[in-house]
Amino acid sequence: MVRSILGAVSLVVLTAMSHPALAQDVEIGAELYQHYCATCHGLDATGHGPMAGVLVIQPTNLRTLADAEGVFPTARVVGRIDGRDPLVSHGSPMPVYGPYFEGNDTAIKTPAGQPILTSKPIADLLAYLKTLQER
């Protein structure tokens, strides 16, 4: 009985580990973006949201985060969103909604394979931002 339970648990863990894309939901990320980010970064994510004009530092064009080879700067973007790499743009650390993104810890990998612990909402938001990258 214990052996079969351990086997089932192992199978679930191995299945989850072999499908890291399941940890990131692009549709949820798009909803989070619209709700929390579009005001500054714009509906089109080019940095021209309705609040951009009042910010000391202009919002980044989120469509051009990947480098010339198409490598997305996962660690840098996670750090900006969760506050590990703070950006003071409007009198307070970026992001304004930072506390919302706390909790539901999940691990994602950088392009180099380095795991980063972040929250499920940030992982979803990253998945969405990756779909916006222009070449």
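Up top you'll find the structure we're talking about.
Parameters at a glance
Residues numbered from 1 in each chain as written. Predicted model: local features only at pLDDT ≥ 70, side-chain atom pairs only at ≥ 80, totals over all residues. Heavy atoms only, no water. Core = buried A, V, L, I, M, F, W, Y, C linked by side-chain atoms within 4.5 Å. Buried < 20%, exposed > 50% of the residue type's maximum accessible area, 1.4 Å probe, protein only. Helix = DSSP H or I, 4+ residues; strand = E, 2+ residues; numbered from the N terminus. Contact = heavy atoms within 4.5 Å. Phe/Tyr/Trp six-rings, centres within 6.5 Å; stacked < 30°, edge-to-face > 60°. Expected span 1.5 Å × (residues − 1).

Undergrad: Can you walk me through the nonpolar core in this structure?
TA: Across soluble globular proteins, nonpolar side chains show a tendency to be buried alongside one another. Of all hydrophobic cores here, the largest spans 22 residues; its most connected members are Y33, V77, I81, F101, L125, L126 and L129. Contributing elements (two or more residues each) for this core: α2 (26-41), α3 (74-82) and α4 (120-131). Ranked by the residues each element gives to this core, the list is headed by α4, at six residues. In contact with V77, not counting residues within four places along its chain, are L65, F72, L126 and L129.

Undergrad: In this structure, what is going on with the packing of aromatic side chains? I would like to understand it.
TA: We describe a pair of aromatic rings using the distance from one ring centre to the other and the angle between the two ring planes. In this structure the tally under the stated criterion is two aromatic pairs. Look at Y33 and Y128: their rings are 5.6 Å apart centre to centre, the planes differ by 45°, and that puts the pair in the tilted class. Of the two residues, Y33 sits in helix α2 while Y128 sits in helix α4, which places them 95 residues apart along the sequence. Exposure remark for Y33: the relative accessible area of 0% places this residue in the buried category.

Undergrad: I keep staring at the environment of T118 and nothing clicks. Help me out?
TA: When you line up the elements, T118 lands in strand β2 (residues 115-119). Overall, the relative accessible area of 4% leaves T118 in the buried class. C-alpha of T118 to C-alpha of T106: the two residues are 12 residues apart in sequence and 5.5 Å apart in space. Apart from residues lying up to four places away in sequence, T118 is in contact with V78, D82, R84, N104, D105, T106, I108 and A123.

Undergrad: I'm lost on α4 in this one. Help?
TA: Residue pairs spaced three or four apart in an α-helix point in one direction, given the helix's 3.6 residues per turn. Taking 1.5 Å of rise per residue, the 12 residues of α4 would be expected to cover 16 Å, and the 17 Å separating its terminal C-alpha atoms lies within 8% of that figure. α4 sits mainly inside the fold: nine of its 12 residues count as buried. Residues of α4 that are buried include every one of P121, I122, A123, D124, L125, L126, A127, Y128 and L129, and no others.

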